[in-house]
Amino acid sequence: MIRIIFGFFLFFIVLTFAIWLSMAKNQENYIKGLISNNLEENYKIIYTLNTTGYPNRLDTSVNNIKLISRDNFELVDIKSFLFMSLIYNKKRYIVSIKPPVNIKIGTNLFVITE
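Quick notes on the rules
Residues numbered from 1 in each chain as written. Predicted model: local features only at pLDDT ≥ 70, side-chain atom pairs only at ≥ 80, totals over all residues. Heavy atoms only, no water. Phe/Tyr/Trp six-rings, centres within 6.5 Å; stacked < 30°, edge-to-face > 60°. Helix = DSSP H or I, 4+ residues; strand = E, 2+ residues; numbered from the N terminus. Core = buried A, V, L, I, M, F, W, Y, C linked by side-chain atoms within 4.5 Å. Buried < 20%, exposed > 50% of the residue type's maximum accessible area, 1.4 Å probe, protein only. Contact = heavy atoms within 4.5 Å. Salt bridge = Lys/Arg side-chain N within 4 Å of Asp/Glu carboxyl O. Pairing = 2+ DSSP bridges.

A. Just the packing of aromatic side chains, in detail. For the structure on display, the rule yields five aromatic pairs. On the basis of an interplanar angle of 75° and a centroid distance of 5.5 Å, the ring pair of Phe 17 and Tyr 54 is categorised as edge-to-face. Here Phe 17 is found in helix H1 (residues 2-37), whereas its partner Tyr 54 is found in the loop between strand S1 (43-52) and strand S2 (57-69), with 37 residues between them in sequence. With a centroid separation of 5.8 Å and 85° between ring planes, the pair formed by Trp 20 and Tyr 54 is classed as edge-to-face.

See the structure below:
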């Protein structure tokens, strides 16, 4: 009897992890799509993605974001964006931006510290 309960519990844990992993990949692909679909050919962007929050949340961090022009001028530098959502309610997101945010226009540099 204990083996059956343990087997069911293990199956449930593996199933919930597989569902969470699938939803995490969907959210990462959604964010990658937002970035690539809205980026013009004259620019390139460098970033890393990381998703945490198992089992209830999907917290996807977009880290070390650098928007670079075709002439290799760094235009925007953002330390981290954090997209948060609940696993069971994907209709709402919370977006958090970690300062500093550096925006360069021509020779002017705008820095948002807080």
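B. Layout of the nonpolar core. Counting residues in each nonpolar core, the largest one holds eight residues, listed as Ile 31, Val 62, Ile 65, Val 76, Ile 78, Phe 81, Phe 83 and Val 101. Looking at this core, the elements that each hand over two or more residues are S2 and strand S3 (74-86). Considering each element in turn, this core owes the most residues, four residues, to S3. Apart from residues no more than four positions distant in its own chain, Val 62 is found in contact with Ile 31, Tyr 47, Thr 48, Leu 49, Lys 79, Ser 80, Phe 81 and Phe 83.

C. Quick peek at the pattern of salt bridges. Tallied over the entire structure, the rule returns three salt bridges. Lys 25 is paired through a salt bridge with Glu 28; the nearest N and O atoms lie 3.7 Å apart. One end of the pair is Lys 25 and the other is Glu 28, both in helix H1 and three residues apart, which spans about a single turn. Residue Lys 25 is classed as partly exposed on the basis of its relative accessible area, which comes to 45%. Its salt-bridge partner being Arg 57, residue Asp 59 comes within 2.6 Å of it at the nearest N-O pair. Using a relative accessible area of 7% as the deciding quantity, one classes Asp 59 as buried.

D. Structural view of the pairing of strand S4 (residues 89-105). One ladder, built from nine bridges, connects S3 with S4; its direction is antiparallel. Considered in S4, the bridge of Leu 82 is made with Ser 96. In this structure, the hairpin formed by S3 and S4 is closed by a connection of two residues. Across five bridges, S4 lies against strand S5 (residues 108-112) in antiparallel orientation. In the strand pairing of S5, Val 101 is matched with Ile 112. The hairpin turn running from S4 into S5, its antiparallel successor, is two residues long, and Gly 106 in that turn takes a positive phi close to 65°.

E. Local environment of the environment of Lys 104. Along the polypeptide, Lys 104 turns up in strand S4. Given the relative accessible area of 36%, Lys 104 is considered partly exposed. If sequence neighbours within four positions are ignored, Lys 104 has contacts with Glu 74, Leu 75 and Leu 109.

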